[in-house]
Amino acid sequence: MVEKKINKNMKSLKKNSSNGVRSFFFFVIVLLFFYALMNGVIGNNANIEEVALSDVIARANDENGDIKKITVSGSDLLITLKDKDQPTQHSRKDASGTLYEQGLLNNCEGMTGDELKACSEKYPVVEYEEPVDYGEIIMNVVTLGLPILAVIIFFSYMMRQAQSMNKENMGFGKAKAKLYGPDKKKVTFKDVAGNEAAKQDLEEIVDFLKNPKKYEMLGAKIPRGVLLAGDPGTGKTLMARAVAGEANVPFFSISGSEFAEMFVGVGASRVRDLFSKAKKNAPSIIFIDEIDAVAHKRDARGGAGREDEQTLNQILVEMDGFDNESGVIVMAATNRVDMLDKALLRPGRFDRHVDVTLPERKDRLAILKVHFKNKPIDDDVDLDALAKKTAGSSGADLANIANEAAITAAREGHKSISGNDVTEAFERVAIGPKRQSKVMNEYEKKLTAYHEAGHAVVGHVLPDSDPVHKVTIIPRGHTGGVTWFLPPEDRSYKNVYELKDVLARAMGGRIAEKLIFGKDDITTGASSDLKNVASLAKEMIVEEGMGTETRNLVFPEEATGYYTISTGKPYSEKTAETIDKEIKLLSDEAAKRAELVLAANKEVLDRLANALLEKETLEEEDLPELLKGTTLPEGAKLH
Ligand code: ADP
Ligand code: MG
Ligand code: ZN
């Protein structure tokens, strides 16, 4: 029985491929014929002369010899005499038939320019040429042709087979999931600094994967889906890989954005394939990165494409189809939990949520230590200070600073990373590279100095603002100068007074320009300040309920309902007007307070601006002296 079956298969293979085989043999015969022909023409060439090599060498080394040029080409020598243009062809073999190896000296070797010219007038130029080897060409064709033929036969056979099978088995829709097996560079929790809470949650998952029996015995349901949620760059992808690394299980990852590039129907079949691969390799982890790309709310405005919907449905179907013993855990990451289709978050799906947060100061220090670990740093590098001034940075930002610092050090030709390299890297990542080339004229420089001094003085005087950390008029990125304010510690909440002081100090730049130069339509220097004011003021009204008339009312844009349909906004036209009015109130108030503060502290403003003109950058330690003697005018007080 078995033999018969094999025979049958062989037969069908033969039948399918006999055409291909025939044309292949024809092809080979033509090539062999060609080879023989070429060999005949060249190999027994009657034009080849036997020349004594000793003679050629002697003539080549003779200052006044008669040879102009010798070209060595395989086993041939082409010799051009001084009084001839055409070379004659000679065999390079000696009497015994072996190729000579040495003796032919290129007297002009290594020379260039005039020297070479002078030399080549006396001695022949010796050139080496790759001979054309027809035998080799044919061998190449045969060695290439054979596998190609094998592939052709294989495919025609596959096509035959495939016709009787499901379309899906043809390799379409196979998940391109990357597999991080145990031998790939393993990421573990050690590589993830900070985020202790998230790691603790995930530790449990690792234990599930390592000892599934322990949980099954007690009738515990092993979680199926774990959703990592957090801002971009907070290390979600890193953590998912660390879970796989810790549990030592295969890790199948695919990114939501990859689904978006797929043809209709392919997304869903990729998902099917991904899950079946993971099940075969269980215990294992499936990781769907950036799941929001496929799993945004199906009824959201703008509408999810049907393709995404199919992909999402397939993910849900697969997750529902898991039995408890499958040993596969699905992890997913998103920056936007609020955008996700609620169906994903139901029990039995992604019912475990792990929040990955932006690092606090001590975590930032830990992350910086991880990324500076293998880099040589000078004693004056203060990672603690860097951690302090990077509030709001993600792990990815910090990794980026570490890398930029190394690049800066290398560019400067340093052997190790200096404190200045780190500062430069920080500012480069935060704002953009220094623009050394841009030369400011005196007027622009003065304007910028007063603008920045305005921010600094207003920020310094107002009681609920963060302290000034550094002021500079060195252009960077798109800005003419920068005033840094740094919170003494990280805080999750800000009160309305603090936010109003932020608005006022942002206005301080433009108001200072107006106060000193007397015009209101100056430069584009303040445009980003004004944008910041506009967006913060809007946030305060629309999201935080900090308006006067609208105190405690918020107007979330995503809300749906009656007004969404009629006005395109989740509130009435009248409310929209009120919101605009409230925003204007905030920004007017900010401008007024900045004006009062600067008018009351004009001397300090002048002093600071002049110091900036002189030194260009004022550090934290320079500032207290310069900002001495400020007063807070009555009208600028809020409480
Ligand atoms: P996400 O997936 O949340 O956008 P990633 O995991 O891709 O962020 O993080 C990007 C990079 O930032 C990581 O490869 C790592 O170098 C660095 N990083 C982020 N968070 C941390 C952390 N907690 N510890 C160490 N490095 C981190
Ligand atoms: Mg990521
Ligand atoms: Zn400004």
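See the structure printed just above.
Residues numbered from 1 in each chain as written. Chains lettered and ligands numbered in written order. Predicted model: local features only at pLDDT ≥ 70, side-chain atom pairs only at ≥ 80, totals over all residues. Heavy atoms only, no water.

Draft legend 1. The arrangement of the packing of helix α17 (residues 496-517) against helix α18 (residues 527-542) in detail. Orientation of α17 relative to α18, taken along the N-to-C sense of each, is 160°, at an axis distance of 9 Å. Accordingly, the angle class assigned to the pair α17 and α18 is roughly antiparallel. The crossing of α17 and α18 is left-handed. In this structure, α17 contributes V496, L499, K500, V502, L503, A506, M507 and R510 to the contact, and α18 contributes D529, L530, V533, L536, A537 and M540. Across the contact of α17 with α18, the residue classes tally to eleven nonpolar, no polar and three charged. (Axes fitted to C-alpha atoms, helices over the stretch in contact; angles between N-to-C directions. Helix = DSSP H or I, 4+ residues; strand = E, 2+ residues; numbered from the N terminus. Parallel < 35°, antiparallel > 145°, perpendicular 65-115°, else oblique. Left-handed = near helix turned anticlockwise from the far one by under 90°. Contact = heavy atoms within 4.5 Å. Nonpolar A, V, L, I, M, F, W, Y, C, P; charged D, E, K, R; others polar.)

Draft legend 2. Expanded view of the coordination of the zinc ion (ligand 3). In the first shell of the zinc ion (ligand 3), the protein supplies H451 (NE2), H455 (NE2), D529 (OD) and D529 (OD), at 2.0 to 2.8 Å from the metal. Coordination at the zinc ion (ligand 3) is irregular, judged from the four donor atoms that bind it and the angles of 52 to 144° they form at the metal. When the donors of the zinc ion (ligand 3) are listed by position in the chain, the intervening gaps give H-x3-H-x73-D. Note that H455 is positioned in helix α16 (residues 442-461) and D529 in helix α18, a separation of 74 residues in sequence. For the residue pair H455 and D529, the accessibility class agrees, reading buried in each case. (Donors = N, O, S within 2.8 Å, 3.2 Å for Na, K, Ca; no water. Tetrahedral: all angles 85-135°; square planar, octahedral: opposite > 155°, others 65-115°. Buried < 20%, exposed > 50% of the residue type's maximum accessible area, 1.4 Å probe, protein only.)

Draft legend 3. Representation of the packing of aromatic side chains in the model. In this structure the tally under the stated criterion is five aromatic pairs. Each ring, one from F208 and one from Y215, has its centre 4.1 Å from the other, and the planes form 55°; the classification is tilted. A residue is classified by how much of its surface remains accessible, and Y215, at 17% relative accessible area, is buried. An angle of 80° between the planes, with centres 5.5 Å apart, marks the rings of Y443 and F517 as edge-to-face. Here Y443, found in helix α16, pairs with F517, found in helix α17; they are 74 residues apart in sequence, far enough to count as distant. Here the aromatic residues Y443, Y450 and F517 are joined through ring pairs into a cluster of three or more. Positioned above the aromatic ring of F485 is the side chain of R505, whose terminal nitrogen or guanidinium carbon lies 3.9 Å from the ring centre. (Phe/Tyr/Trp six-rings, centres within 6.5 Å; stacked < 30°, edge-to-face > 60°. Lys NZ or Arg CZ within 6 Å of the ring centre and 35° of its normal.)

Draft legend 4. Summary view of the packing of α18 against helix α20 (residues 573-600). Across the interface, α18 lies against α20 with an axial gap of 9 Å and an inter-helix angle of 125°. Of the possible angle classes, the one that applies to α18 and α20 is oblique. Viewed along their axes, α18 and α20 form a crossing whose handedness is right-handed. Residues V533, A537, K538, M540, I541 and V542 of α18 form the contact with α20, whose own contacting residues are I579, E582, I583, L586 and S587. A per-class count over the contact of α18 with α20 returns eight nonpolar, one polar and two charged.

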